[in-house]
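Notes for the structure review
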Amino acid sequence: MVQCLECDFNIIIPKDSLEGEIVTCQDCGSSFEIMKVTDGFKLKPAQTVGEDWGQ
Ligand SMILES: [Zn+2]
């Protein structure tokens, strides 16, 4: 589980997730890219070029 960079919501990441996969915060809807680190996962802002989220 990692914290959303936007709202600190705890995002559940499956253990078999791969680096580079995109996860979406269930609370605020932000998308993040998964980075694998030694003690689990980290998030970085996803590249959403070309997508309009309409906010
Ligand atoms: Zn969030």
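Along every chain, residues carry numbers that run from 1 in the direction the sequence is written. Restriction of local features to residues with pLDDT of at least 70 applies here, the model being predicted, together with a cutoff of 80 or more for giving and counting side-chain atom pairs; totals for whole chains, interfaces and linings are based on all residues.

This next bit is on the pairing of strand E4 (residues 31-37). Following DSSP output, two strands are said to pair if at least two bridges run between them. The secondary structure listing takes helices from DSSP runs of H or I that are at least 4 residues long and strands from runs of E that are at least 2 residues long, numbered from the N terminus. Note: strand E3 (residues 22-24) against E4, 3 bridges, orientation antiparallel. Of the residues in E4, the one forming a bridge with Ile-22 is Glu-33. Examined bridge by bridge, E4 and strand E5 (residues 40-45) share 6 bridges and lie antiparallel to one another. Considered in E5, the bridge of Lys-36 is made with Phe-41. The turn joining E4 and E5, which pair antiparallel and follow one another in sequence, is formed by 2 residues.

Here 3 strands make up an open sheet; going across it, the order is E3-E4-E5 and the pairing antiparallel. For this open sheet the edge positions go to E3 and E5, each flanked by a neighbour on one side alone. Sheet twist, expressed as the mean angle between neighbouring strand axes with direction ignored, is 45 degrees. Note on method: axes are straight lines fitted to C-alpha atoms, helices fitted across the in-contact stretch only, with angles between N-to-C directions ranging 0 to 180 degrees.

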